[in-house]
Structure formats: structure tokens, C-alpha cells
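Structure at a glance
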Amino acid sequence: MIIGIGSDLCDIRRIEKSLARFGERFTRRVFTEGERRRSDRRAARAPSYARRFAAKEACAKALGTGLSEGVFWRDMEVVNLPSGAPTMALANGAASRLAAITPAGHRAVIHVSLTDDPPLAQAFVVIEALPAPPG
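Residues numbered from 1 in each chain as written. Predicted model: local features only at pLDDT ≥ 70, side-chain atom pairs only at ≥ 80, totals over all residues. Heavy atoms only, no water.

**A look at the sheet that holds strand β1 (residues 2–11)**
The criterion, for reference: The pairing criterion for strands is at least two bridges between them, as found by DSSP. Numbering of helices and strands runs from the N terminus, with a helix taken as a DSSP run of H or I at least four residues long and a strand as a DSSP run of E at least two residues long. Inter-axis angles, ranging from 0 to 180 degrees, are taken between N-to-C directions of lines fitted to C-alpha atoms, where helices are fitted over the stretch in contact. In this analysis, two residues are considered to be in contact whenever any of their non-hydrogen atoms come within 4.5 Å of each other.
One open sheet holds the 3 strands; their spatial order is β1-β5-β4, and the pairing between them is antiparallel. The open sheet has two edge strands, β1 and β4 (106–117), and neither has a second partner. Between one strand axis and the next, the sheet turns through 10 degrees on average, direction left out of account. Alignment of β1 against strand β5 (residues 120–131), held across 9 bridges, turns out to be antiparallel. Looking at the pairing, Leu9 lines up with Gln122 of β5. The strands that helix α1 (residues 12–22) touches are β1, β4 and β5; relative to β1, the one it contacts most, it runs at about 70 degrees.

Here it is in C-alpha cells:
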């Protein structure tokens, strides 16, 4: 069953301006070390950061809180599954919120879709609850 859906659009130019104006102060406030490492090694950093920014916004919406109620930027990290598909790793308040909305006897799976078509980056997040394996 689907327990959360979120989407977000992010203007890549806005992220470019934040990177130019605030640099590491911006990236350290919003992104995890892994996300910074992944985005900083790209020739075009801003689209990579914008996709991740949109994913965090979409994830916060799917959790039903937005960026409030103990859910903070770095509590949500865009990571890749072994297949290369993106997903979210949640920590702290975001992980607590996910546990609270996941029905008993189920486990949560987070599906993420990322894209960009300058000047926009877009993300969709769907949180699915699947029956937990017996045992």
C-alpha cells in the first residue's frame, strides 16, 4: 500500500545562485557528506544538487510533515541501490516519522524518481508499505 507521495520542482538557477553566494555554508546545511561528494565530482554541480534538493522536498511531503516536526534537510539522503536506482536513506526525525506512518507488520520502501530539464529539476517520492517477512 502507498503511505506517502511527494513531488517537487526546483529551479536549477536558484541552486546555482545559492552555490555561488553561500558555497559550503549552503551545501553543508542542506546536504549530507555523501550527497556533497557525489555532486561536487560532477562537471555541472548545480543540476545534481537541484535534483537532490527536490528529492528532499518531495520526501518531506511524502512523510506528511514537510520540513517541520523534527524532519530536517540532512535527515534525508539521496542514495543509490546496487542497481543504480535512487532511493532515500532516512535518519533522526525523518526515520522516526517514517516508522510512525508505517503500519504494524509492514516495512517501508521508498521509491524515488529524479530528472532535470534545465532550468528545472524534478523529483517524485513514493513511500510504499509492504508486508514484513515472517519471522
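**Here's the deal with unusual backbone geometry**
Pro118 connects to Pro119 through a cis peptide bond whose omega is 15 degrees. Along the chain, Pro119 turns up in the loop between β4 and β5. Even without a glycine there, the phi angle at Glu69 is positive, about 55 degrees. By the secondary structure assignment, Glu69 is in the loop between α4 (45–62) and β2 (76–80). A positive phi angle, near 50 degrees, is found at Asn92, a position not held by glycine.

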